[in-house]
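Notes for the structure review
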Amino acid sequence: AQGGYNVVVLGENFEDGASVYFGENKALAVTFNGNVALTVEVPQGTPDSKVDIRVVNPDGREGTLKDGFYYDKQEDVPFQVAKLTPSKGSVTGG
């Protein structure tokens, strides 16, 4: 399954410089957002599989979220609907 998109890992006591693993695959990039959040670029994985998410701090402490991420069956990068303009209209349409 394709990677390359961002997810946010939430927890406690993260340190700047932490590494994040999706199963055995190391995240492509990790941005430290404070000791409770990391923005992570998802690496490629095996379609239709669940993997553990493991965060390893520079001091060696680590934590794991069992089956924390699911790689979808599709190979497409997920999309997001962010805004609709206009956001209201007539009940009759048109």
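Our subject is the structure that appears above.
From a predicted model like this one, the values you see are computed outputs, not experimental measurements. (Residues numbered from 1 in each chain as written. Predicted model: local features only at pLDDT ≥ 70, side-chain atom pairs only at ≥ 80, totals over all residues. Heavy atoms only, no water.)

1. Points about the sheet that holds strand S3 (residues 25–26)
Formally: Strand pairing is assigned whenever DSSP identifies at least 2 bridges connecting the two strands. Here a strand is any run of E in DSSP of at least two residues, a helix any run of H or I of at least four, and the numbering for each starts at the N terminus.
Spatially, four strands are ordered S3-S2-S6-S7 in an open sheet, and the strand pairing comes out antiparallel. The outermost strands of the open sheet, each flanked by one partner alone, are S3 and strand S7 (62–71). As paired strands, strand S6 (residues 49–56) and S7 are joined by seven bridges and run antiparallel to one another. Counted as the bridge partner of valine 56 is glutamate 62 from S7.

2. Re the pattern of salt bridges
To be explicit about the condition: Salt bridge, as used here: a side-chain nitrogen of Lys or Arg that lies within 4 Å of a carboxyl oxygen of Asp or Glu. For each residue, the accessible area found with a 1.4 Å probe, counting protein chains only, is set against the maximum for its type, and the residue is called buried under 20%, exposed over 50%, and partly exposed in between.
Per the counting criterion, the structure on display carries four salt bridges. Across the pair arginine 61 and glutamate 15 runs a salt bridge whose closest N-O atoms are separated by 3.1 Å. Of the two residues, arginine 61 is situated in the loop between S6 and S7 and glutamate 15 in the loop between strand S1 (6–10) and strand S2 (19–22); the sequence distance between them amounts to 46 residues. Judged by relative accessible area, which is 45%, arginine 61 ranks as partly exposed. A salt bridge links aspartate 52 to lysine 66, with the shortest nitrogen-to-oxygen separation between them at 3.9 Å. Of this pair, aspartate 52 sits in strand S6 while lysine 66 sits in strand S7, and the two are 14 residues apart along the sequence.

3. Quick look at the sheet that holds strand S4 (residues 29–32)
What counts here: Axis angles are defined between N-to-C directions and span 0 to 180 degrees, where every axis is a line fitted to C-alpha atoms and, for a helix, only to the segment in contact.
The three strands lie next to each other as S1-S5-S4, forming an open sheet whose pairing is antiparallel. Edge positions in the sheet fall to S1 and S4, since each of these pairs with one other strand and no more. Across the sheet, the axes of successive neighbouring strands diverge by a mean angle of 25°, strand direction being ignored. Note: S4 against strand S5 (residues 37–41), four bridges, orientation antiparallel. Bridge assignment links valine 30 to a residue of S5, and that residue is valine 40.

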